[in-house]
Protein chains: 2
Amino acid sequence: MHVDELERLRSEARQLAVDMVRLLAMRRGVVSKIAEVKRSTNLDTVQPDVEAAVRRAMLEEAVKHGIPAETVNRLATVIFADAVEMQSKPSKLLTHMDILRRAVEMQRNGREVQRLEVGEPDLGAPQQVRDTVGKAVVEGYARYADSRGIPELRTAIAEQIHARYGYEAGPNNVIVTPGGRFAIYLAMKTLLAEGDEIIVIDPSWPMYKQCARFVGARPVAVRTRFEDGWTPDPRIVEERISKSTKAILLNYPNNPTGKTLDRKSFSKIVDIARDNNLTLISDEVYIDYTRGDGPVSVLDGWDVNFILIQSFSKSYGMTGYRVGYVVANEALVSKMASIIGLVLTCVPEFIQHGALKALSLKETPKQYAEIMMRRVDVAVRELEKIGASFYKPDGGMYVFPRINTGGADGMELAFELLESKGVAVAPGSIFGGYDDFIRISLGASEESIAKGIRLLGEFLAEKGLT
Amino acid sequence: MHVDELERLRSEARQLAVDMVRLLAMRRGVVSKIAEVKRSTNLDTVQPDVEAAVRRAMLEEAVKHGIPAETVNRLATVIFADAVEMQSKPSKLLTHMDILRRAVEMQRNGREVQRLEVGEPDLGAPQQVRDTVGKAVVEGYARYADSRGIPELRTAIAEQIHARYGYEAGPNNVIVTPGGRFAIYLAMKTLLAEGDEIIVIDPSWPMYKQCARFVGARPVAVRTRFEDGWTPDPRIVEERISKSTKAILLNYPNNPTGKTLDRKSFSKIVDIARDNNLTLISDEVYIDYTRGDGPVSVLDGWDVNFILIQSFSKSYGMTGYRVGYVVANEALVSKMASIIGLVLTCVPEFIQHGALKALSLKETPKQYAEIMMRRVDVAVRELEKIGASFYKPDGGMYVFPRINTGGADGMELAFELLESKGVAVAPGSIFGGYDDFIRISLGASEESIAKGIRLLGEFLAEKGLT
């Protein structure tokens, strides 16, 4: 009797699953009609507002029946991914990485190239850091360690934060990461569920949007304009918030513009985040590359949930060491520690010894900032000479001038500049579609920067684009 | 007019999505009735045959409507995962990590503890490796590098593989990873889409299932038995394959059993993988910890798609350096490189110099294997003395004896053993529900292993569990 009953129930369950497929088929029919209308009106394939509305409706229905939100979110993601796949177009041929590869190749072939495309400062780690790491390796500090980082380093970071910002962080608010990129990944992976949204202010470092997509979330861009001094308009930020928005990403000093926010602009974003229960992810890896007191930080005692992203790559020139950290509440740090424990175990202990030594070198960030600000001055002077318009950087290691492309594709123009003049830059298109801008990186010497900009001027003049 | 039409279509698409949720709710109602019947008849929660039948029915329906199999497979997986979740028991309070934490705490309090719970060998990196890394750091080999790893190391790995297995791998088949864990993560993240399934042979290192879930996939267990010498039954492996299955994970020498597969058993799994178009993920990090010629490898020229997982942690004692590698086809390596590029940039170059040096030390893996095999002998001798039944390890660094728990919870018993006798072991429950087994790690000295097993014997005798 049990067996018969079981068979009957199973057949019913099977039929219901098949019915779901049938509904999906019907929905796909409607989606292809929508795609047709969109094509005739030139709308984007993905429309976050629309998807968010469907997701909300599905979640509301789920609540009625006691279905876990997680299950319905997964179901929604399957449906949306299928719909996007149905409508997708092939992607572009050339990318930013092709410029880097070609520049390296040209150098290998003996060609002189001004390498103004890479976001890596050429400063290197201080000798004391190198010696410390070298000694720690030789002495065998290379066992599995705490996923959050060694306690001495987390304590030193917490103390430095307190001394600098007056912010009361304990060691359990700090997690050491293999570089700033991984810190951003951890922030997004822990904050954003499949289908959640994060606001990114354009122009922006491409990694943010790529990483959001990588964790299954959706980046929503807030466009800022050169004419407005790259200041984000709080009303636009508010407009972009949906029920699925979980975070706003800030990056000041900014890559690529060199912009920093004043207290008033910063506080407006803080208010929006707090009022909408969003977390501010503040990537402040360039914060030491400034003049004077330094820019506003999310650690300046704001009343808002935040995740600070920090790195030893810029302030201490430790790019290839891959070490950075996150400051956040204990619950988030604990989630992040589980992820590091799962996929990495820990950051090598001997590298953490180097980071600890770096924190004791109070003069290094100042020296490195001076070098970088002198390069900013060189770039500004040379750009003015060639008559470019640009925002004069408050900090960071980039300048983002507008160029006249004469309607040409920015990526192709950047390739032409590289091939004809040996100057590698990053086209503005990759920072959120700023096709008539280019990013000049100040990771190279003053000479290389000056020469690169002069050659850029020649290139534009020869093409009649001045 | 377009706008009205678009609005109408969107509302229709939204409603169909909501209807899918409603059907899911109905199906869940049926599933809980099935669960009730199952409970009264003591049937398993997961019944692969039944799931396979539902999936087949869904796919047949999908074909009628031109829905891609991938989409329907994902849909099926979401439904099944939800159903399993509905029927699952609440998780236990204590975890394996609590044993490790308590063991460390007891040691800090001055208590002698036999640390037989951690999977970290105590061997350390050879002095030449330490010196090489130290020198590379001091000399400044710390710039952003190729996401796949430095060419010299990838070439050396490819050459070593060719010399050892005759397998023709080029440097583009190799990617250097921050440890074996990250190699497994990369394998799963690139092979498995949301909702895909991967077959894991139990008992298994818990990381595999955790990582599969972390990437949104579903681990499907194939249970092996002590009575069968832990050999997987090919028929059961085949039964567990569904339309969503993308990979089979193998780990020989095995953690926790110390089992290796003979060529015949290995070839059966290879055949199943090839016939079903699955990829074999072969985690061979313990392959040097064996006697004689060493066990079968996925690199032994089998005709099957594979991903090899390898690490410098065991063969060269470089645990805390976090360096390992993957061997796979170029397309997969290229996808993995994009992920490393996105979230990590690269493995620090100076660490890769150390790995390169390690590969030149041909004697180190042999010496470390000898140490480990002597420890296996000690463990075998002591376990026989206390009358335990266990599979005599072919390799690896663990023994997995059966113990009489007298019906007690294995995790609680492990805690009691730690508190009363100062012996830390990993309970068998974490390796896939082997409640009457414990894993003894051979990462400690012979003395510690012998003493730990003697104390285990005392403990069981005192509790009347022999």
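Just so it is clear, the structure is predicted and the values come from calculations on it, not from any experiment.

Chemist: Quick question: what am I supposed to make of the nonpolar core here?
Modeler: Nonpolar side chains tend toward joint burial in soluble globular proteins. Counting residues in hydrophobic clusters, the biggest one holds 177 residues, and the most contacted among them are Tyr 185 and Met 188 of chain A together with Tyr 185 and Met 188 of chain B. Contacts of Met 188 of chain B, omitting those with residues within four sequence positions, involve Ile 198, Tyr 208, Cys 211, Ala 212, Val 215, Leu 249 and Ile 281 of chain B. Core analysis: the next-biggest nonpolar cluster, separate from the first, contains 114 residues, Leu 278 and Ile 287 of chain A together with Val 323 and Cys 346 of chain B among them.

Chemist: What is the right way to look at the sheet that holds strand S9 (residues 398-399) of chain A in this model?
Modeler: Remark on secondary structure: sheet strands pair via backbone hydrogen bonds, oriented parallel or antiparallel. All names here are of chain A. An order of S9-S12-S11 is seen for the 3 strands of this open sheet, with the pairing classed as antiparallel. Of all strands in the sheet, those with a lone pairing partner are S9 and strand S11 (426-427), marking the two edges. Where S11 and strand S12 (residues 438-441) come together, 2 bridges link them in antiparallel fashion. Each bridged residue has a counterpart across the sheet, and for Pro 427 the counterpart in S12 is Ile 438.

Chemist: What am I meant to see in the relation of the copies chain A and chain B here?
Modeler: Taken together, a rotation about one axis and a shift along it account for how the two chain copies relate. The transform that puts chain A on chain B rotates by 180° and translates by 1.2 Å along the axis, for an RMSD of 1.9 Å. These values place the two chain copies in the arrangement generated by a two-fold rotation axis. The share of interface residues of chain A whose copies in chain B are also at the interface is 100%, consistent with both copies meeting through the same surface.

Chemist: Would you mind showing me how to read unusual backbone geometry here?
Modeler: With an omega dihedral of -10°, the bond running from Tyr 252 of chain A to Pro 253 of chain A counts as a cis peptide bond. Positive phi, normally seen in glycine, also occurs at Thr 345 of chain B, with a value near 70°. Along the chain, Thr 345 of chain B falls in the loop between helix H11 (330-343) and helix H12 (349-360).

Chemist: Teacher, can you tell me more about the sheet that holds strand S8 (residues 324-327) of chain B here?
Modeler: All names here are of chain B. A sheet is described by the order of its strands in space; here 7 strands give the open sequence S2-S8-S7-S6-S5-S3-S4, paired in mixed fashion. Strand pairing shows two members of the sheet lacking a second neighbour, strand S2 (174-177) and strand S4 (218-223), which therefore form its edges. In this sheet, adjacent strand axes meet at a mean angle of 20° when their direction is disregarded. In terms of strand pairing, strand S5 (residues 245-250) meets strand S6 (residues 279-283) through 4 bridges, oriented parallel. In the sheet register, Ile 248 faces S6, and the bridge partner there is Leu 280.

Chemist: Which parts of the structure should I look at to understand the pattern of salt bridges?
Modeler: When the charged atoms of two side chains with opposite charge come close together, those side chains can pair. Residue and element names in this part refer to chain B. Throughout the structure, instances matching the rule amount to 78 salt bridges over all chains. A salt bridge links Asp 146 to Arg 148; the nearest nitrogen and oxygen atoms lie 3.0 Å apart. For Arg 148, a relative accessible area of 25% corresponds to the partly exposed category. Between Glu 227 and Arg 402 there is a salt bridge; the shortest N-O distance is 3.1 Å. Placement of Glu 227 in the loop between S4 and helix H9 (234-239) and of Arg 402 in the loop between strand S9 (398-399) and helix H14 (410-421) is noted, with a sequence separation of 175 residues between them. Judged by relative accessible area, Glu 227 falls into the partly exposed class, the value being 47%.

Chemist: Sorry, what's going on with the packing of aromatic side chains here?
Modeler: Aromatic ring pairs are defined here through the distance separating the ring centres and the angle between the ring planes. Evaluation of the coordinates by the stated rule reveals 38 aromatic pairs over all chains. Here Trp 230 of chain B and Phe 400 of chain B contribute two aromatic rings whose centre-to-centre distance is 5.8 Å and whose plane-to-plane angle is 55°, an arrangement assigned as tilted. Highlighted residues: Trp 230 of chain B in the loop between S4 and H9 and Phe 400 of chain B in the loop between S9 and H14, separated in sequence by 170 residues. For the pair shown, Trp 230 of chain B and Phe 400 of chain B are each scored as buried. Members of the aromatic cluster, each reached through a chain of ring pairs, are Phe 226, Trp 230, Phe 400, Phe 431, Tyr 434 and Phe 437 of chain A. Against the face of Tyr 434 of chain A rests Arg 223 of chain A, its NZ or CZ located 4.1 Å from the ring centre.

What counts as what
- Residues numbered from 1 in each chain as written.
- Chains lettered and ligands numbered in written order.
- Predicted model: local features only at pLDDT ≥ 70, side-chain atom pairs only at ≥ 80, totals over all residues.
- Heavy atoms only, no water.
- Core = buried A, V, L, I, M, F, W, Y, C linked by side-chain atoms within 4.5 Å.
- Buried < 20%, exposed > 50% of the residue type's maximum accessible area, 1.4 Å probe, protein only.
- Contact = heavy atoms within 4.5 Å.
- Pairing = 2+ DSSP bridges.
- Helix = DSSP H or I, 4+ residues; strand = E, 2+ residues; numbered from the N terminus.
- Least-squares fit on C-alpha atoms with pLDDT ≥ 70 in both.
- Axes fitted to C-alpha atoms, helices over the stretch in contact; angles between N-to-C directions.
- Salt bridge = Lys/Arg side-chain N within 4 Å of Asp/Glu carboxyl O.
- Phe/Tyr/Trp six-rings, centres within 6.5 Å; stacked < 30°, edge-to-face > 60°.
- Lys NZ or Arg CZ within 6 Å of the ring centre and 35° of its normal.

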